[in-house]
Amino acid sequence: MIRAGGLRSALDRRFALVERGTTVRTEVLAGVTTFLTMAYIVLVNPAILGQAGMPPAAVAAATCFAAAFASILMGFAANTPLALAPGMGLNAYFSFTVVQQMGVPWPVALGCVFLSGVAFLLLTLAGIRQLIVTTIPLHLFAAVAGGIGLFLGFIGLRNAGIVVSNPATSVGLGDLRTPAVGLALFGLLLIAILSVWKIRGAMLIGILATAALGWATGMVEMKVEPYSLTALTGTAFQLDLAGVFGIGGKHGLGLFEILFVFLFVDLFDNLGTLVAVSKRAGLIGPDGHIPRLKPILLTDATATMVGAVAGTSTVTSYVESAAGVQAGGRTGLTAIVTGLLFLATMLVAPYAQLIPIAATAPALILVGGLMMTPLAEVEWDDPEIAIPAFLTVALIPLTFSIANGLAFGLIAHAVLKVMRGRIRRADWLLLLLTALFIVRFAYMAAG
């Protein structure tokens, strides 16, 4: 039998608790805090991917499994308080752009996610990932985050019925008198108030309270189905790798665009979150070096592949990890506790399908708003920076495509740099990426 003192000593040696000025109790509380701030993904992800035709119960179980696996692996392999789960933004791209707009079957889309993880892994092992990071300007990364925020907000407003299609103006205000819109507005107000009061788990509490109101008032039909852990089989191992290359299908080269977007967006999502959380935790050295960077990146790539096999969109680091760091988390033990809580959540994950879309829409709206923060880093008074950033921010939601926003922003950045005479031999990768985007538009026009 292991004594409590012996366990604390073993954990200290494994995770360097004393060295980083923390304790087991603090790490556990930090892990719970991180879980509460990001647990909304268990409810929101099935709502988004369910619109791609995927079984919501299976997606909920896959979401819990992927988040548990990734966070626990991050804790053990990299000893950093960084939790992971299927990423917001990339799940919307998966569902609304890849499946609904491009007509790609969801098993093929999962195959794209898996292969993007393989590419991520190879790029990390070869050191190319770090090279790409130094090539893309920081203001475009901030613009992508802001554009994805607007994208999510727009989707949430549409799902809530607050914004609807209008033949005269493209979009317009929906009928605010309908019960579904009223329920969504209640959820939006509740989550906003809880967030202002800094209540931990505001998103999750708001979603569950809104759903409960819908059930209690009869606005939402509640169908309880028998629970079974076998729900995961609805998406697990369903990915279609052959379809990615057009074998026996009609998608062909268009899927390479999808691979690029999954890879590119995950690249910057992960690194941006990593830098933000590491700074908050005081883990970045004076020279700007992030310790254990390679195992962190390898974990991210592995998590994406495992998530695709389980049946969910790209797994990435969560900026909500900063909440756990704020609560005192400094080691991988925080991430492991978060992962264990996600694992426990698998026991009730299939019931996430009972949550109405009117309850999850407010979370999308507010998560979109919170993702606008990086736009403050853009120097809007400098046209060379502001124009590419604006094109990126605007075109992601207006074209319903992250790829289009990235493309216009990067092309504008490269062209303006050339026109100013600031292009250098070291910018070869920037020019290569720009050329790839131009070829992509030419391919789309020819199609």
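Bear in mind that the values here come from a model prediction, so they are computed numbers and not experimental data.

Rules used in this analysis
- Residues numbered from 1 in each chain as written.
- Predicted model: local features only at pLDDT ≥ 70, side-chain atom pairs only at ≥ 80, totals over all residues.
- Heavy atoms only, no water.
- Helix = DSSP H or I, 4+ residues; strand = E, 2+ residues; numbered from the N terminus.
- Buried < 20%, exposed > 50% of the residue type's maximum accessible area, 1.4 Å probe, protein only.
- Contact = heavy atoms within 4.5 Å.
- Areas by Shrake-Rupley, 256 points an atom, 1.4 Å probe, with all protein chains shown as cover.
- Pairing = 2+ DSSP bridges.
- Polar contact = N/O pair within 3.5 Å; in protein donor to acceptor, adjacent residues only side chain to side chain.
- Axes fitted to C-alpha atoms, helices over the stretch in contact; angles between N-to-C directions.
- Parallel < 35°, antiparallel > 145°, perpendicular 65-115°, else oblique.
- Left-handed = near helix turned anticlockwise from the far one by under 90°.
- Nonpolar A, V, L, I, M, F, W, Y, C, P; charged D, E, K, R; others polar.
- Salt bridge = Lys/Arg side-chain N within 4 Å of Asp/Glu carboxyl O.
- Core = buried A, V, L, I, M, F, W, Y, C linked by side-chain atoms within 4.5 Å.
- Patch = residues over 30% accessible without salt bridge, like charges linked within 9 Å, V, L, I, M, F, W, Y side chains within 5 Å.

**Here's the deal with the overall build of the protein chain**
Scanning the protein chain for helices and strands turns up 19 helices and four strands. When each of the 447 residues of the protein chain is scored for burial, the buried share is 55%. Put simply, of all contacts in the protein chain between residues at least 6 apart along the chain, 81% involve residues at least 24 apart. Within the structure as shown, the protein chain displays about 19100 Å² of accessible surface, and the carbon and sulfur contribution to it stands at 69%.

**Things to note about the pairing of strand β2 (residues 163-166)**
Alignment of β2 against strand β3 (residues 170-173), held across four bridges, turns out to be antiparallel. Note that in β3 the partner of Val-164 across the bridge is Gly-172. With antiparallel pairing between neighbouring strands as the criterion, β2 and β3 make up a hairpin whose turn holds three residues.

**Digging into unusual backbone geometry**
Among all residues except glycine, the phi angle is most often negative; among peptide bonds, the trans geometry is most common. The backbone of Asn-79 sits at a positive phi, close to 50 degrees, despite the residue not being glycine. Here Asn-79 falls in the buried class, since its relative accessible area comes to 9%. Although it is not a glycine, Phe-237 adopts a positive phi angle of roughly 60 degrees. Take Phe-237: it is sitting in the loop between α10 (202-216) and α11 (241-244).

**Here's the deal with the side chain of Ser-116**
Mapped onto the secondary structure, Ser-116 falls in helix α6 (residues 106-126). Here Val-113 takes part through its backbone oxygen, which lies 2.6 Å from a polar atom of the side chain of Ser-116.

**A look at the environment of Met-371**
Inspection of the secondary structure puts Met-371 in the loop between α16 (357-370) and α17 (383-398). Contacts of Met-371, omitting those with residues within four sequence positions, involve Ala-145, Gly-146, Ile-148, Gly-149 and Leu-152.

**Quick look at the packing of helix α8 (residues 138-160) against helix α18 (residues 402-419)**
Two numbers describe how α8 lies on α18: the axes approach to 10 Å, and their chain directions differ by 150 degrees. Between α8 and α18, the angle is such that the two are roughly antiparallel. Handedness of the α8/α18 crossing: right-handed. Facing α8, whose interface residues are His-139, Leu-140, Val-144, Ile-148 and Phe-151, α18 presents Ile-402, Leu-406, Gly-409, Leu-410 and His-413. Residue composition of the contact of α8 with α18, by class: seven nonpolar, three polar and no charged.

**A few points about the pattern of salt bridges**
Scanning the model with the defined rule gives four salt bridges in all. Among the salt bridges present, the one from Asp-175 reaches Arg-177, with a minimum N-O distance of 3.0 Å. Classification of Asp-175 by relative accessible area gives partly exposed; the value is 37%. For Arg-177, a relative accessible area of 74% corresponds to the exposed category. The salt bridge involving Lys-417 is made with Asp-427; its shortest N-O contact spans 3.3 Å. Here Lys-417, found in helix α18, pairs with Asp-427, found in the loop between α18 and α19 (428-446); they are ten residues apart in sequence, far enough to count as distant. With respect to burial, Lys-417 and Asp-427 carry one shared label: buried. Put simply, Glu-384, Arg-420 and Arg-422 are held in one network by salt bridges that share partners.

**Some thoughts on helix α5 (residues 90-101)**
Burial within α5 is extensive, with ten of its twelve residues counted as buried. Listed in full, the buried residues belonging to α5 are Leu-90, Asn-91, Ala-92, Tyr-93, Phe-94, Ser-95, Phe-96, Thr-97, Val-98 and Val-99. Phi turns positive one or two residues past the end of α5, at Gly-103, with a value near 75 degrees.

**Some details on the nonpolar core**
Residues Met-88, Phe-94, Phe-262 and Ile-402 are the most contacted members of the largest nonpolar core, which totals 84 residues. Of all hydrophobic cores here, the second largest spans 14 residues; its members include Met-74, Leu-274, Ile-296 and Ala-303.

**Details of the side chain of His-413**
Positionally, His-413 belongs in helix α18. Relative accessible area serves as the criterion here: at 9%, His-413 is assigned to the buried category. The contacts of His-413, once residues within four sequence positions are left out, are Pro-137, His-139, Leu-140, Pro-388 and Leu-430.

**Quick notes on a nonpolar patch on the surface**
There is a patch of nonpolar side chains on the surface, built from Leu-189, Ile-193, Val-196, Trp-197, Ile-199 and Ile-205 and spanning about 600 Å² of accessible area. Of the residues forming the nonpolar patch, the biggest block, three residues, is contributed by helix α9 (residues 179-196). Among the structural elements, Trp-197 can be located in the loop between α9 and α10.

**Examining the packing of α5 against α6**
In contact at an axis separation of 10 Å, α5 and α6 are set at 120 degrees when each is read in the N-to-C sense. In this view, α5 runs oblique relative to α6, as classed from their interaxial angle. The hand of the α5/α6 crossing is right-handed. Contacts between α5 and α6 pair Phe-94, Val-98 and Val-99 from the former with Trp-106, Ala-109, Leu-110 and Val-113 from the latter. Classifying every residue of the contact of α5 with α6 by side-chain character gives seven nonpolar, no polar and no charged.

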